[in-house]
Amino acid sequence: MSTPKRVYNFNAGPAVLPLEVLQQAQAEFLDYKGTGMSVMEMSHRSKEYDAIIQGAEADLRELLGIPSNYKVMFLQGGGTLQFAMLPMNLRATGSADYILAGSWSQAAYKEALRLGTARVAASTEKDGFNHLPKNLDLDPQAAYLYFCSNETIHGVEYFNEPEPLAGVPLVCDTSSDFISRPLDISKYALLYAGAQKNAGPAGVTVVIIREDLLERTPSNLPTMLDYKVMSAGGSMHNTPPCYSIYMVGLVFQWAKKIGGLSAIQKNNRAKADVIYKSIDESGGFYRGHVQPDSRSVMNIPFRLPTPELEDAFAAEAKKNDLIGLKGHRSVGGIRASIYNAMTIEGANALVDFMKDFQRKNG
Ligand SMILES: *Cc1c(COP(=O)(O)O)cnc(C)c1O
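To keep things clear, this report deals only with the structure shown in the data block. In this text the structure is predicted, and so the values were computed from the model without any measurement.

Observations concerning the pattern of salt bridges
Scanning the entire structure with this criterion turns up 23 salt bridges. In this structure, the salt-bridge partner of Glu-281 is Lys-277, at a minimum N-O distance of 3.6 Å. Overall, Glu-281 belongs to the exposed group, its relative accessible area being 57%. For Lys-277, a relative accessible area of 48% corresponds to the partly exposed category. With a closest N to O distance of 3.5 Å, Arg-359 and Asp-356 form a salt bridge. One end of the pair, Arg-359, and the other, Asp-356, are both in helix H9 (residues 344-361), three residues apart, so they sit about a helical turn from each other. One network of salt bridges, with partners in common, ties together Asp-59, Glu-62 and Lys-256.

Below you can see the structure in the form of structure tokens.
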């Protein structure tokens, strides 16, 4: 078989996956472990599939060190459905606090408002979301304190959790920095992550919830939006997104194999460092808009002197097999997403291209 063409994929999501994972999926595609079936064709109630979903959960628990009093769910509806499920399940008739550090936390806040009462505990919108909020205005009665650990569009990332008031559960959207570094899960009441940024294909969202929070769930929720039902059914109340769960399971195995989250964090840091360094050393040709202490290790947005140069940059990069570099349509500019599966070679190739582009256009 000829070697397939592989580009350096800087897409923000769906995004690059580890080549080994794709190759394993390919090898198992027609005949999963002697079953004579693809995972796609299997009953979700079969013992083979049960081993896949249980294995995925066990590997994730080991990777993240998830304590035994937390449940793991594999749900559908993307990160966006969690914007609604969360307040529906955990807020009841009360209010919840939201920290707004970029478009995604802002979207979650707006969704929470559609369904009830929510407060802004902090917002950096007036600064263009270019740093993490420093001071929080917290409601001691809040049903939870919400934050997004990595703002995929604006490129700001939390490395230390915000401090909720005593007794207020901390809730996090970790979609775009999930399994990118070790986390102390015990600080969180709930975390969720759409898989397609760092952990697999689209179609599955991982939700990790501390058991006692399930007691808050009102009894009149639609079944599919009820954490208690979904958790009690082991994510199998109905047919789960079987193939996506299989794929995230392969990614979790891969993450363990390459040394776990500390090794992954080191690698991610090294990739981010070379790219930020080339921005900082470009004499202002490339400009990152995020303040250094808030810079994301996963998504690196930056600007060039003009929008025309930005378009030329993305187009020229694509010709060099560096793809997915255009910034989000809401903010423009350039964005390099360098999730776990992006190699250091990819980061270095981008840096070489940036230097070359500046020489020709600077
Ligand atoms: C992509 C993203 C979402 C939305 O995810 P969908 O699966 O498209 O609904 C939510 N939060 C963050 C941080 C994201 O990066």
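Observations concerning the pairing of strand S14 (residues 334-337)
With burial as the criterion, each face of S14 is covered, one bearing Ile-334 and Ala-336 and the other bearing Arg-335 and Ser-337. Here four bridges tie strand S12 (residues 299-303) to S14, and the two strands are oriented antiparallel to one another. Each residue of the ladder has a partner; that of Pro-301, found in S14, is Arg-335.

Brief notes about the nonpolar core
Ranked by size, the top nonpolar core spans 56 residues in total, and within it Leu-60, Phe-74, Phe-178, Ile-179, Ile-208 and Phe-252 carry the most contacts. Considering each element in turn, this core owes the most residues, 11 residues, to helix H6 (residues 242-257). Looking at this core, you find at least three residues from each of domain 1 (22-257) and domain 2 (260-361). Setting aside residues up to four positions removed in sequence, Ile-179 forms contacts with Leu-60, Leu-63, Leu-64, Asn-198, Ala-199, Val-251, Phe-252, Leu-261, Ile-264 and Asn-340. In terms of nonpolar packing, the next biggest core, distinct from the first, is built from 33 residues, Met-298, Leu-304, Phe-313 and Ile-338 among them.

Examining the site of the ligand
In the vicinity of the ligand there are 13 residues, among which Thr-80, Thr-152, Asp-173, Gln-196 and Lys-197 approach most closely. Backbone polar atom of Gly-79 to an oxygen atom of the ligand: 3.0 Å apart, as the coordinates give it. Thr-80 is positioned such that a nitrogen or oxygen atom in its side chain is 2.5 Å from an oxygen atom of the ligand. Relative to its unbound accessible area of 390 Å², the ligand is 87% covered by the protein chains. The biggest single contributor to the shell around the ligand is helix H3 (residues 78-90), with four residues. Class assignment of the residues belonging to the shell around the ligand gives a composition of three nonpolar, eight polar and two charged.

Focus: the sheet that holds S14
Backbone hydrogen bonds are what pair the strands of a sheet, in a parallel or an antiparallel way. Spatially, the three strands line up as an open sheet ordered S11-S12-S14, and their pairing is antiparallel. Among the strands making up the open sheet, the edge pair consists of strand S11 (287-288) and S14. Against the sheet, helix H7 (residues 260-280) engages S11 and S12, with an angle of about 10 degrees to S12.

A short note on unusual backbone geometry
In this chain, Gly-13 is followed by Pro-14 through a cis amide linkage whose omega measures -10 degrees. With respect to the element layout, Pro-14 can be found in the loop between strand S1 (8-9) and helix H1 (19-27). One non-glycine residue, Lys-33, lies in positive phi territory at about 45 degrees. Tracing the backbone through its elements, the reader meets Lys-33 in the loop between H1 and helix H2 (47-64). Assessed through its relative accessible area of 63%, Lys-33 is described here as exposed. Non-glycine residue Ala-92 carries a positive phi angle of around 50 degrees. Residue placement: Ala-92 occurs in the loop between H3 and strand S3 (95-100).

Rules used throughout
Residues numbered from 1 in each chain as written. Predicted model: local features only at pLDDT ≥ 70, side-chain atom pairs only at ≥ 80, totals over all residues. Heavy atoms only, no water. Salt bridge = Lys/Arg side-chain N within 4 Å of Asp/Glu carboxyl O. Buried < 20%, exposed > 50% of the residue type's maximum accessible area, 1.4 Å probe, protein only. Helix = DSSP H or I, 4+ residues; strand = E, 2+ residues; numbered from the N terminus. Pairing = 2+ DSSP bridges. Core = buried A, V, L, I, M, F, W, Y, C linked by side-chain atoms within 4.5 Å. Domains from an automatic or database assignment. Contact = heavy atoms within 4.5 Å. Near = heavy atom within 4 Å. Polar contact = N/O pair within 3.5 Å; in protein donor to acceptor, adjacent residues only side chain to side chain. Areas by Shrake-Rupley, 256 points an atom, 1.4 Å probe, with all protein chains shown as cover. Nonpolar A, V, L, I, M, F, W, Y, C, P; charged D, E, K, R; others polar. Axes fitted to C-alpha atoms, helices over the stretch in contact; angles between N-to-C directions.

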